[in-house]
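These are the residues of each chain, in order.
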Amino acid sequence: MVNKKTLAGGIIILLIWAFALPEKGDFTYFFNKRLLDWVQRYPQEKVYLHTDRDHYEVGDKVWFRAYLLNAVAHTPSEWSRYVYVELRDLRDSLYARVKIAPQEGVYAGYLPLTKDLPQGDFVLRAYSYWMQNAGDDFIFRKRIRVINPQDTKVLTEVRMEVEGKDTVAQVRFYNTRQEVYGNIGIRYLLDGKERVRWTDDAGVLRLKFGKADYGKELRVTFDAADPFAFSRYLFLPDPDRDFDVSFMPEGGNLLEGCQQVVAFKAIGNDGLSREVRGVIEDESGEQITYVQSIHKGMGVFNLTAEPGKKYYGVFHLASDTLEKRFELPQAESDAVALKLFVNTDAVGYKVLGTHTMEKRRDLYIAVHARGIPLLCNPVRVGELGKIWSRELPEGVVSFLLLNSEGKILSQRVCFVRHQERPELQVSTGRKRYPIRDTVHLNLAVAGGGNRGSFSIAVTDESRVEHDSLQDNIFSYLLLSSDLKGYVEEPAYYFANDRIVTRRFLDMLMMTQGWTRFDVERVLREERDSLPYYMERGQVISGRVKNFWGKEAEYANLMLLGTNGLFRMVEADSAGYFEISGISFPDSTDFILQGTNKRGRKTVEVILDQDKFMLPTLAYPMGKEELEESEDFYKRFMKDYYYDNGIKVYVLDEVVVKRDKPKKFYSFYDAMADYAMDSTQLASMKNLTMRDLFMRFPGVNAFSGDSATRFGRPVKIMVDNFVEEDWDYVMRLRPEELLNISLVIPPRSEFIDRSATGGMIIITTNPFYTPPRHQKLHMLSFSLLGYQQPAEFYMPHYEVDSIRMALADTVDLRNTLYWNPMVETDSTGHAQCFFTTSDSDGPYRVVVEGILQDGTICRTEEKIFIR
């Protein structure tokens, strides 16, 4: 057992200890050595994103700090050098991607929210390029909400009702003045089928759906743009009638003749929890015990399984009488299981086993945290043990029962929380402040006296709503980031340290304890492919081919960049080249010219493109989530916006009159159902053509050399209806196009019968030289560079000239202060200041950060305005 206070210090001790061991043949040495080798060879990283707030308006910037950390010790990562941050909607359409480089060791930046962004919920994703190898489960994501005053012209409510065997969605359309859009033609699209129906006098559209449609999205538009152009995506929540229950015996196996704790979890079709109640009965129908879920669909019960018997759970929803019957796992006659006793000061364990396992001598109990081995000792069935919590790191800890061949016979995950930890404190000079005054914030790490790096956000609580149950730095780094799947309301488990909260957290460990480390595969030294490299610096690479299409060995290349970059390199014998040791910001343009080894231009230069993993995990949206979202937009909706400091109201008739006439770039654009013009495309310069295609509803271009729409092929035409090959289309640059349109069936089939999935029409700028017309030996291109640093604006009212200049303005800032680079000194102290606005507040101060030893810190405070 390694005694340590922090995992960061423990890693050093363990590495020294492991490599000082003599070459033994016993299992303990084998287990520890394999895990430590894996951690060294395949380092894991985490990214946590602290944003200035949780909801925004179009035109705002999302200010953030990305904490790029060693996933084991939670100290700053020494491996990757860049962090990527994306803005996606709930359909995983990409709206923006930025690349962040460290400034004084801090990854901080912003995402601009363009004026044409639709109102709704969005997701921020953050990761290093290397992290993509671990899979989408371990990519950071956070939901934010965006308000667009232009969208308040139409408000929508979705209600799902069960009528017999049918489910009816009632979609109500109205505006901020509670005027309904009655008798309006609504064109709706669901699962590739498009139809038109009319709202009734109350502005309600009634649509019938089946179970297969639950959780899908419905696109609604005003037919023929009457009374004006309107489009929105709506989610169809599960009406709560169907659910599934899974059973998880503690330790993974249900044993014959042993009293065990069995956990269960109930979830609906939308992937979210359901509260259920019912009974456990045997195959004869005899009731064993009464059970019910007590938190997020989770519950536990005790069961002693008799040999040969089958057991069932008969459940119904707490709000329904419909019963469903689920079979428990079959009890095993030759198996073992771990039982844990999780307390505040220690974690106890007991090895349970059937009578056939009592004489086994090849059993080992092993404990690891995030891949670092902490214990590996031989055990026997019936043996008891205990590990003090202070000797374990905070977070998810895995207990394993293995045989001498490295096969896992039982596993149990628990969560360790330290009772004594450094306390982060924020204080101000006064309890209350007047408007437009200066507030000095004093930050102190009490009980630690350690240096640390922090980010601070001060927001106006009267104007900004905070999601207190979404991940914060504690819940994400210690919990969510080490578990697979979606964790509902993770911050709830860190709101307090009450016994009931710890009990709920342990149920979560029993029902969702699948971690990022597959120990069995590590022991067998099975390695996954690593398609994503560790990005230590910026690189431009590719291949050079000769006139005959073969590798141009030892070709010469010259690179010129608009940032003054100049490099000359030579390709290798396979025609591959790599230009490293360079640095370039976003919006840098390049020219790359190649010649063969004799200096002739009879070569073709082919550039490597970065690969980005597409999201595979959907952000779940259920009935309660939908109602809460609708309620939020009702409370925060605005029918005005500010343009250069002038308050502009959104009126239907004004907006209609000021609409610009629609431009048609090709003959068939008039038939298009969806389009993106040059103004929109110019703001998407960092997106690939694949990303653009997937902005269209139903279009899939995830992989391969074609696009589909609801499984059917989509034709792609460029200028004057020339059907181009896929590689050519992928080389096009969004900012150099005039328009992209989508024509959906049946109109697309009138143009081309083979366009059964639709037709994408691309119109290039006539002043743009397309790649096929460029010289093959010379490439003109741009790549995603790092974002240039920007400073958060705050008015300095303490300066007389500024205070007088702003005397006639109204200061209603949502974010009063944002500072991503606050460093405490050797005594654990730091200071900063901000100015109050004209709002009565109160203000909410959130400080998050990491100490040098990897200790996670967070605190919240309120500042009151008189």
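In the block above lies the structure referred to throughout.
Residues numbered from 1 in each chain as written. Predicted model: local features only at pLDDT ≥ 70, side-chain atom pairs only at ≥ 80, totals over all residues. Heavy atoms only, no water.

J.: Hey, could you go over the overall build of the protein for me, with residue numbers and the actual values?
T.: From N to C terminus, the protein includes 12 helices and 54 strands. In terms of overall dimensions, the protein is globule-like: its C-alpha atoms have a radius of gyration of 30 Å, near the 29 Å expected for 866 residues. Expressed along its principal axes, the backbone C-alpha trace of the protein runs to roughly 80 × 80 × 70 Å. Long-range pairs, those at least 24 residues apart, make up 68% of the contacts in the protein between residues at least 6 apart in sequence. Here the protein has roughly 39400 Å² of accessible surface; of this, 49% comes from carbon and sulfur atoms. Between the mean site of the 110 positive side-chain charges and the mean site of the 123 negative ones, the protein shows a separation of 2 Å. (Helix = DSSP H or I, 4+ residues; strand = E, 2+ residues; numbered from the N terminus. Rg over C-alpha atoms; globule rule 2.2 N^0.38 Å. Contact = heavy atoms within 4.5 Å. Areas by Shrake-Rupley, 256 points an atom, 1.4 Å probe, with all protein chains shown as cover. Lys, Arg positive; Asp, Glu negative; His and termini not counted. Charge placed at Lys NZ, Arg CZ, Asp CG, Glu CD.)

J.: Can you break down helix H4 (residues 499-511) residue by residue, with the values?
T.: In an α-helix, one full turn covers 3.6 residues, which means residues spaced three or four apart are oriented alike. Over its 13 residues, H4 runs 19 Å from end to end, which matches the ideal 18 Å to within 8%, given 1.5 Å per residue. Listed in full, the buried residues belonging to H4 are Thr501, Phe504, Leu505, Asp506, Met507, Leu508, Met509, Met510 and Thr511. For H4, the secondary structure elements touched by its buried residues are strand S16 (243-249), strand S17 (259-268), strand S20 (298-304), strand S23 (336-342), strand S28 (395-403) and strand S29 (408-416). (Expected span 1.5 Å × (residues − 1). Buried < 20%, exposed > 50% of the residue type's maximum accessible area, 1.4 Å probe, protein only.)

J.: Account for the pattern of salt bridges, with residues named and values stated.
T.: Opposite charge on two side chains allows them to pair when their charged atoms are near. Under the counting rule described, the total for this entry stands at 55 salt bridges. Here arginine 53 makes a salt bridge to aspartate 52, at a shortest N to O gap of 3.3 Å. Taking relative accessible area as the criterion, arginine 53 reaches 8% and is therefore assigned buried. Put simply, arginine 325 and glutamate 281 hold a salt bridge, and the shortest N to O gap is 3.3 Å. Here glutamate 281 lies in strand S18 (residues 276-282) and arginine 325 lies in strand S22 (residues 323-327), a separation of 44 residues in the sequence. (Salt bridge = Lys/Arg side-chain N within 4 Å of Asp/Glu carboxyl O.)

J.: Talk me through the side chain of asparagine 472; I want residue IDs and the actual numbers.
T.: Among the secondary structure elements, asparagine 472 is positioned in the loop between strand S33 (452-460) and helix H3 (473-478). A polar contact is formed between the side chain of asparagine 472 and the backbone nitrogen of phenylalanine 474, at a distance of 2.9 Å. Those residues in contact with asparagine 472 that lie beyond four places of it in its chain are Tyr48, Ala491, Glu848 and Arg858. (Polar contact = N/O pair within 3.5 Å; in protein donor to acceptor, adjacent residues only side chain to side chain.)

J.: Break down the nonpolar core for me, with residues and values.
T.: If you look at the biggest cluster of nonpolar residues, it comprises 57 residues, and the most contacted ones within it are Leu87, Leu111, Leu479 and Met509. Counting residues per element, this core draws most heavily on strand S3 (residues 61-70), at six residues. Within the second largest apolar cluster, 40 residues are counted, among which are Val336, Ile387, Phe399 and Leu523. (Core = buried A, V, L, I, M, F, W, Y, C linked by side-chain atoms within 4.5 Å.)

J.: For the sheet that holds strand S50 (residues 778-782), give the residues involved together with the corresponding values.
T.: Across the sheet, four strands lie side by side as S36-S35-S38-S50; this open sheet has antiparallel pairing. Both edges of this open sheet fall to strand S36 (566-570) and S50, since each of them pairs with a single strand only. The sheet shows a mean angle of 20° between the axes of neighbouring strands, taken without regard to direction. (Pairing = 2+ DSSP bridges. Axes fitted to C-alpha atoms, helices over the stretch in contact; angles between N-to-C directions.)

J.: Just give me the short version of a nonpolar patch on the surface, but keep the residues and values in it.
T.: A surface patch of nonpolar side chains, about 390 Å² in accessible area, is lined by Leu560, Phe566, Met568 and Ile591. Within the secondary structure, methionine 568 is located in strand S36. (Patch = residues over 30% accessible without salt bridge, like charges linked within 9 Å, V, L, I, M, F, W, Y side chains within 5 Å.)

J.: Give me the lowdown on helix H2 (residues 27-41), citing residues and values where you can.
T.: Here H2 is 15 residues long and its end C-alpha atoms lie 21 Å apart, about the 21 Å a rise of 1.5 Å per residue gives. Along H2, the positions that sit buried rather than exposed are Phe27, Thr28, Tyr29, Phe31, Asn32, Leu35, Leu36, Asp37, Trp38 and Val39.

J.: Quick rundown of unusual backbone geometry? Include the residues and the values.
T.: Trans peptide bonds make up the majority, and among non-glycine residues the majority have a negative phi. Residue proline 746 follows proline 745 across a cis peptide bond; omega there is 5°. The omega torsion across glycine 841 and proline 842 is 0°, close enough to zero to call that bond cis. Mapped onto the fold, proline 842 is located in the loop between strand S52 (829-835) and strand S53 (843-851). The phi torsion at glutamate 104 lies on the positive side, around 55°, for a residue other than glycine. Unlike most non-glycine residues, glutamate 525 shows phi in positive territory, near 55°. Residue position: glutamate 525 is located in the loop between helix H5 (519-523) and strand S34 (538-546). The partly exposed category is assigned to glutamate 525, whose relative accessible area is 36%.

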